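The primary structure of each chain is shown beneath.
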Amino acid sequence: MGLGTSLQRRWYGEESPPWWTLPLEALYRRVTRRRAERFRHDPSTVVRLPVPVVVVGNITVGGTGKTPLIVALAKAMERRGFMPGIVSRGYGGSERGPYLLTGDDDPAKVGDEPCLIRQSGVPVAIGRERPEAARLLVDAGCDLILADDGLQHYRLGRDVEICVIDGERRLGNGHLLPAGPLREPASRLAEVDFVVVNGGVPSAGEIAMRLEGGVAVNMRESSLTAPLADFAGRPAHAVAGIGNPTRFFASLAAQGIAVHGHPFADHHAFTRDDFTFADGCPVLMTDKDAVKCRRFARDNWWRVPVHAVLPESFYDAVAECIQERAS
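Quick look at the overall build of the protein chain
Thought 1: A count of helical and extended segments in the protein chain gives nine helices and 15 strands.
Thought 2: The C-alpha atoms of the protein chain give a radius of gyration of 20 Å, which matches the 20 Å a tight globule of 327 residues would have.
Thought 3: Based on the C-alpha atoms only, the size of the protein chain along its principal axes is roughly 60 × 50 × 40 Å.
Thought 4: Looking at the protein chain as a whole, 49% of its 327 residues qualify as buried.
Thought 5: For the protein chain, contacts bridging at least 24 residues in sequence account for 70% of all contacts bridging at least 6.
Thought 6: Of the roughly 15,100 Å² of accessible surface on the protein chain, a fraction of 52% belongs to carbon and sulfur atoms.
Thought 7: When the 39 positive and 40 negative side-chain charges of the protein chain are each reduced to one mean point, those points stand 4 Å apart.

A word on the side chain of D287
Thought 1: In this structure, D287 sits in helix α8 (residues 287-290).
Thought 2: Once residues within four sequence positions are removed from consideration, D287 is found in contact with L116, R303, V304 and P305.

Focus: the pattern of salt bridges
Thought 1: Within the structure shown, the criterion is met by 27 salt bridges.
Thought 2: Between E129 and R155 there is a salt bridge, with its nearest N and O atoms 2.9 Å apart. Pair noted here: E129 is in the loop between β4 (124-126) and α6 (130-139) and R155 is in the loop between β5 (144-148) and β6 (160-166), with a separation of 26 residues, a long-range link.
Thought 3: E132 serves as the salt-bridge partner of R135, at 3.8 Å between the closest nitrogen and oxygen. Within this pair, R135 and its partner E132 are both found in helix α6, separated by three residues, close to a single helical turn.

Remarks on the sheet that holds strand β12 (residues 258-263)
Two strands in a sheet stick together by hydrogen bonds in their backbones, pointing the same way (parallel) or opposite ways (antiparallel).
Thought 1: In space, the six strands of this open sheet follow the order β10-β9-β14-β13-β11-β12, with mixed pairing throughout. Bordering the open sheet on either side are β10 (225-227) and β12, each of which pairs with just one other strand. On average, adjacent strands in this sheet sit at an angle of 30° to one another, irrespective of strand direction.
Thought 2: Bridge count between strand β9 (residues 215-218) and strand β14 (residues 301-304): two bridges; the pairing is antiparallel. Considered in β14, the bridge of V217 is made with R303.

Thoughts on the environment of T64
Thought 1: Along the chain, T64 turns up in the loop between β1 (53-57) and α3 (66-79).
Thought 2: A relative accessible area of 3% means that T64 is categorised as buried.
Thought 3: The spacing of T64 and R169 is 105 residues in sequence and 9.4 Å in space, taken between C-alpha atoms.
Thought 4: With residues near it in sequence (within four places) discarded, T64 still touches N58, V164, I165, D166 and N198.
Thought 5: Polar side-chain contacts of T64 include one of 3.3 Å to the side chain of N58.

With respect to the sheet that holds β6
Thought 1: Across the sheet, which stays open at both edges, the nine strands sit in the order β3-β4-β2-β5-β1-β6-β7-β8-β15 with mixed pairing between neighbours. The sheet terminates laterally at β3 (99-100) and β15 (307-309), the two strands that pair on one side only.
Thought 2: Summarising the sheet, strand β8 (residues 207-212) and β15 pair through three bridges and their orientation is antiparallel. Paired with E212 across the two strands is H307, which belongs to β15.

Observations regarding the nonpolar core
Nonpolar side chains in soluble globular proteins tend to end up buried together.
Thought 1: With 36 residues, the main nonpolar core has L69, L73, M77, I162, L310 and F314 as its most contacted residues.
Thought 2: Among the elements that make up this core, the one with the highest residue count is α3 (seven residues).
Thought 3: When neighbours within four sequence positions are excluded, L69 is seen to be in contact with V56, I162, V164, V196, M209, A308, L310 and F314.
Thought 4: With 24 residues, the next largest nonpolar core counts C142, A147, L176 and L182 among its residues.

Looking at the environment of A208
Thought 1: Secondary-structure assignment places A208 in strand β8.
Thought 2: For A208, a relative accessible area of 40% translates into the label partly exposed.
Thought 3: When the C-alpha positions of A208 and P311 are compared, they lie 7.8 Å apart, and in sequence the two are 103 residues distant.

Describing the packing of aromatic side chains
Thought 1: Scanning the model with the defined rule gives 11 aromatic pairs in all.
Thought 2: For the ring pair F270 and F275, a centre distance of 5.7 Å and an interplane angle of 40° mean the geometry is tilted. For the residue pair F270 and F275, the accessibility class agrees, reading buried in each case.
Thought 3: Between F275 and W301 the ring centres are 4.4 Å apart and the planes differ by 35°, which places this aromatic pair in the tilted class. Pair noted here: F275 is in the loop between β12 and β13 (283-286) and W301 is in strand β14, with a separation of 26 residues, a long-range link.

A look at the packing of α3 against helix α9 (residues 312-326)
Thought 1: Running from amino to carboxyl end, α3 crosses α9 at an angle of 70°, the nearest separation of the two axes being 10 Å. Taken together, the axis directions place α3 and α9 in an arrangement best described as roughly perpendicular. Helix-helix and strand crossings are classified by hand; for α3 and α9 the assignment is right-handed. For the pair formed by α3 and α9, the contact residues are L69, A72, L73, A76, M77 and R79 on the first element and E312, F314, Y315, V318, A319 and I322 on the second.

Calculation notes
Residues numbered from 1 in each chain as written. Predicted model: local features only at pLDDT ≥ 70, side-chain atom pairs only at ≥ 80, totals over all residues. Heavy atoms only, no water. Helix = DSSP H or I, 4+ residues; strand = E, 2+ residues; numbered from the N terminus. Rg over C-alpha atoms; globule rule 2.2 N^0.38 Å. Buried < 20%, exposed > 50% of the residue type's maximum accessible area, 1.4 Å probe, protein only. Contact = heavy atoms within 4.5 Å. Areas by Shrake-Rupley, 256 points an atom, 1.4 Å probe, with all protein chains shown as cover. Lys, Arg positive; Asp, Glu negative; His and termini not counted. Charge placed at Lys NZ, Arg CZ, Asp CG, Glu CD. Salt bridge = Lys/Arg side-chain N within 4 Å of Asp/Glu carboxyl O. Pairing = 2+ DSSP bridges. Axes fitted to C-alpha atoms, helices over the stretch in contact; angles between N-to-C directions. Polar contact = N/O pair within 3.5 Å; in protein donor to acceptor, adjacent residues only side chain to side chain. Core = buried A, V, L, I, M, F, W, Y, C linked by side-chain atoms within 4.5 Å. Phe/Tyr/Trp six-rings, centres within 6.5 Å; stacked < 30°, edge-to-face > 60°. Parallel < 35°, antiparallel > 145°, perpendicular 65-115°, else oblique. Left-handed = near helix turned anticlockwise from the far one by under 90°.

Structure follows, in C-alpha cells:
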C-alpha cells in the first residue's frame, strides 16, 4: 500500500492524521489563506471577462462528480437561452494552452475530462491560464463561461460559485492537506452560492444530485448497447481511474454484477498493459476512462455513461443569480 493510499484511508477513516502531517497542514493553511486574501484585497490581480462566469469546483481533492454536473448545467443554461462554453485546466494533458478543442482531440494532449465534456457538444477551451482560455470561448461566441474545477483559481473573476461534495465521503476528517482531503477550510462552503451533494443525504440548504446510468455502450461499436441488467449474475472486470472508484464498483454490484474491481489513480494514463485479463470476462469502465482506451479497446469492453440529475429549481436559481449579478 503506497503512501497516498494510506493517507486517503486515514482521511476518510477513523484514525487520526499522522503526526508529521500536522505541521505541514498548518503551513498549507497559512499559504492558502494568504493567497486567497491577496486576490480578494487586490482587484488588479483578478481578471474579469465581458460575460458572466460560473465556477464549479470542490474543496476536497479527488473527484466528486463535477464533470457530469457541469455538462448538465451547460445543457440547462442552453435551454434558458444562454450560449455556454466550458473552460478547464486540461489536467493530465500535455497542452498548456490556451487551446480551443476541436472535438477530435487526443486525451493525452488535452486531458480526459475536457475530451469527455466536448463530446456533449459544448465548446471547451483549456489552458494553464484560465482567463486566457476563457477568452477563446468568448471570441467563439459564448455568452456564459462555466469554469470546471476552478474554485481555488481566484485569478479568474466569477459571478457564481458552485461547490460539489461527495455525499458519501463528505469532507472526510475535516483536516487540510496533507492531514486531510481539504484544499480549503470547511468554512469556505459558507461563501459559495450553491452546495451540491452527489449521493448520500444532503443537509439543509444543500442541493441533491444523483448520477443515473443503466446502459453500457460497446467501445468498438458505439451502436451496440446493452442494459447493465444483461451483465447480472456473471463476473465482469470494472476499471476506474476516477476520484472515488468504489462508487462506480458499487453501482455495478447493485445491478447484480459480480464485480472484479480494478482501481487506478484519478486521471490515470491507461495503456494496453493495464488490461491483462485473460479470462474473457467483459470489461466495464467509466466514460472518463473510456476516452483514453478507445485506441486499443477490445470487442468485450464497454463504457457506462452517466448523467447528473438535479431539480430544475436549481438551474432556475443559478440562471437568476447570473442575471442579477451580471446586470
